[in-house]
Amino acid sequence: MHQKELATTLWRQTWPMAIGVLALLGFQLVDSAFIARLGTAPLAAQSFTFPLSFLIIGIQVGMGIAIAALISRALGSGEEERARRLSSLVLMAGGGVIGLLAIILWLFHVPIFQLLGADETTLSYIRVYWGPQLLSTWLGALLYFSYSVFRAHGDTRLPGKMMVLSSLINLVLDPLFIFGVGDWQGWGLPGAAWATAIAFSVGLAITGLKLARRQWASSEGLWLETKQSWRPFTGIAAPAMVSQLMPPLAAMLAISVVAGLGESEVAAWGLASRLETLSLMVILAMTMSLPPWLGRCYGANDWGQIHQLMKLAIKVALFWQLGLGVVLALGAPWLAMALAGNPDVQSELTLLIRFLLPSYAALGVCMLVVSAGNALGWPLRAMLLSSARLFVCYLPCLWVGSQLFGWWGLAAGGAVGNLLAGLMAWRVLTRILSRPHRQAGFVN
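Here the structure is a predicted model, which means the values were calculated and not measured.

Colleague: Explain the overall build of the chain residue by residue, including any values.
Modeller: When you go through the chain residue by residue, the secondary structure sums to 14 helices and zero strands. Secondary structure of the chain in N-to-C order comes out as α-α-α-α-α-α-α-α-α-α-α-α-α-α. In terms of C-alpha radius of gyration, the chain reaches 21 Å, essentially the compact-globule figure of 22 Å for 444 residues. Taken along its principal axes, the extent of the C-alpha atoms in the chain is 55 × 45 × 35 Å. Buried positions account for 58% of the 444 residues belonging to the chain. In the chain, 80% of the contacts between residues at least 6 apart in sequence involve partners at least 24 apart.

This is the structure we're talking about:
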């Protein structure tokens with residue numbers, strides 16, 4: 001496949017997911033913007049819940065990566081019936097695992113949030129918010145697993161459309177549930193979680209019907225398939241889940257560092273975290289659309305196309321993310337004003353945007369390499385790279401910067417950590433793909 005044709009195909013695979021990710025992450029940012037209007041304390045309470053929400057998302061993404069890799073490889077080898085059985089297994093097992101984790105996090109939420117640095121006022125907001133938030137997270141996980149099945153079959157349009165639909169429903173319900181209408185005063189902070197739960201429920205119902213009509217799931221032979229596939233599934237899922245669990249663990253450590261600087265700093269950090277995921281929408285879309293394609297190439301032993309795909313993806317990451325980061329950094333004061341009502345939070349958020357957003361170009365390279373590693377049979381390397389990014393590059397720079405220069409140093413340290421992670425990921429990828437049986441001109 002020629003480079004231009006490859007780029008066109010990658011664009012067709014990625015743009016529906018990019019639109020969907022933009023919509024999905026956009027409504028999360030809108031959630032935070034609405035909650036910011038309730039005051040600094042509710043926004044800080046929501047910010048404390050991000051690491052644990054990301055913990056659940058990390059496990060679901062790790063499972064989704066594994067199942068997408070196995071399904072795409074099965075399809076690449078012509079094993080369509082096995083692909084149907086694998087689809088059924090991930091929907092059942094994934095829902096059970098995430099549901100159990102949600103129950104555990106509810107039972108022990110008070111000591112966990114106290115360890116993260118939440119005071120009694122913040123805990124009072126968290127107590128009424130955390131239950132519906134866990135419910136919405138579980139529904140979102142089920143929806144994500146169904147998206148994984150569609151992506152493994154090369155269909156990125158339906159997941160993209162469902163993300164947009166869920167986001168629109170949430171956008172309509174958010175102000176109603178948070179602030180109320182007429183004489184009803186609304187639910188405040190918990191209203192944001194209930195709006196998300198309803199939006200995900202609608203998306204799940206529609207996606208489930210589509211999945212049944214396409215007959216991409218099967219109820220026959222599941223026990224035999226479980227015995228056959230649990231080892232390869234675990235071999236991919238375990239390192240992938242560890243890789244995905246590193247960011248929420250790092251987020252917990254980061255929020256504990258930020259909590260020592262003050263409540264407004266926690267609120268600004270929470271908004272910046274939402275803005276980070278939104279600004280990385282194209283990268284996140286490629287981490288969803290690229291692995292199934294790489295998995296099919298891996299199943300067909302087509303290393304030439306794998307090299308071409310990785311070259312193209314990294315170019316897109318660098319040029320797009322750096323350009324977007326510079327534009328947003330230039331408009332940082334106005335963006336912060338739109339997202340936060342408190343002047344102190346606005347000032348602190350402006351500094352974070354200026355330092356962190358341009359550095360996401362390097363972070364994007366690292367994210368793509370980790371995603372490719374899980375699809376191409378290097379899950380352990382992907383896990384180690386993800387761990388090194390956070391615990392060797394990002395967190396040490398964040399902590400040292402905050403200790404030496406306070407808030408300014410924390411922002412600069414995060415940017416330096418992202419840059420180091422990108423350089424490290426590039427080095428790892430070039431070394432792996434330069435091995436004789438995988439060479440196809442990647443480093444030339």
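Right, picking up where we left off after that structure.
Colleague: Can you break down the packing of helix α9 (residues 263-279) against helix α14 (residues 379-433) residue by residue, with the values?
Modeller: Close contact between α9 and α14 brings their axes to 15 Å; oriented N to C, the two are set at 130°. The angle between α9 and α14 places the two elements in the oblique class. Helix-helix and strand crossings are classified by hand; for α9 and α14 the assignment is right-handed. Where α9 approaches α14, its residues Glu265, Ala268 and Trp269 are matched on the opposing element by Tyr394, Leu398, Trp407 and Leu410. For the contact of α9 with α14, the residue count by class is six nonpolar, no polar and one charged.

Colleague: Account for the state of the cysteines, naming residues and giving values.
Modeller: What the rule picks out here adds up to zero disulfides. No disulfide involves Cys366; its sulfur sits 7.7 Å from that of Cys393, the nearest cysteine. With no disulfide of its own, Cys393 lies closest to Cys397 among cysteine sulfurs, the gap being 6.9 Å.

Colleague: Explain the pattern of salt bridges to me, using residue names and the numbers behind them.
Modeller: Under the defined criterion, the tally for this structure stands at two salt bridges. Arg127 is the salt-bridge partner of Glu120, the closest N and O atoms lying 3.1 Å from each other. Residues Arg214 and Asp155 are paired through a salt bridge, measuring 2.4 Å at the closest nitrogen-oxygen approach. Here the residue Arg214 occupies a position in helix α7 (residues 189-214), and Asp155 occupies one in the loop between α5 (120-152) and α6 (157-179), the gap between them amounting to 59 residues. By relative accessible area, Asp155 is classed as buried at 13%.

Colleague: Any chance you could break down a nonpolar patch on the surface for me, citing the residues and the numbers?
Modeller: Taken together, the side chains of Leu135, Trp138, Val172, Leu176, Val181, Trp184, Trp187 and Trp194 present a nonpolar region at the surface, about 740 Å² in accessible area. Among the elements of the structure, α5 and α6 are those that each provide at least two residues to the nonpolar patch. With respect to the element layout, Trp184 can be found in the loop between α6 and α7. For Trp184, a relative accessible area of 35% translates into the label partly exposed.

Calculation criteria
The residue count restarts for each chain, going from 1 along the sequence in the order it is written. Reporting in this predicted model follows two pLDDT cut-offs: at least 70 for local features of residues, and 80 or more for side-chain atom pairs to be given and counted; totals over whole chains, interfaces and linings ignore these cut-offs and use all residues. Calculation of side-chain values draws on the structure's entire complement of heavy atoms; hydrogens and water are dropped beforehand. Strands are runs of DSSP state E lasting at least two residues, helices are runs of H or I lasting at least four, and both sets are numbered from the N terminus onward. Here the radius of gyration uses the C-alpha set of atoms, whereas the globule reference equals 2.2 Å times the residue count to the power 0.38. Buried means the residue's accessible area, taken with a 1.4 Å probe over protein chains only, is under 20% of the maximum for its type, while exposed means over 50%, and partly exposed covers the values in between. Here, two residues are considered to be in contact whenever any of their heavy atoms come within 4.5 Å of each other. To obtain an axis, a line is fitted to C-alpha atoms, over the contacting stretch when the element is a helix, and the angle between two such axes runs from 0 to 180 degrees between their N-to-C directions. Roughly parallel refers to an angle under 35 degrees, roughly antiparallel to one over 145, roughly perpendicular to one between 65 and 115, and oblique to any angle outside these ranges. Crossing handedness follows the turn of the near helix against the far one: under a right angle anticlockwise gives a left-handed crossing, and clockwise gives a right-handed one. Each residue is assigned to one of three groups, with Ala, Val, Leu, Ile, Met, Phe, Trp, Tyr, Cys and Pro labelled nonpolar, Asp, Glu, Lys and Arg labelled charged, and all others, Gly among them, labelled polar. In what follows, a disulfide is any cysteine sulfur pair within 2.5 Å. Criterion for a salt bridge: a side-chain nitrogen of Lys or Arg within 4 Å of a carboxyl oxygen of Asp or Glu. Two distance rules govern patches: like charges are joined within 9 Å, and nonpolar side chains (Val, Leu, Ile, Met, Phe, Trp, Tyr) within 5 Å, applied only to residues with over 30% relative accessible area and no salt bridge. For accessible areas, the Shrake-Rupley method is used with a probe of radius 1.4 Å. Any residue's cover is judged against the shown protein chains and nothing else.

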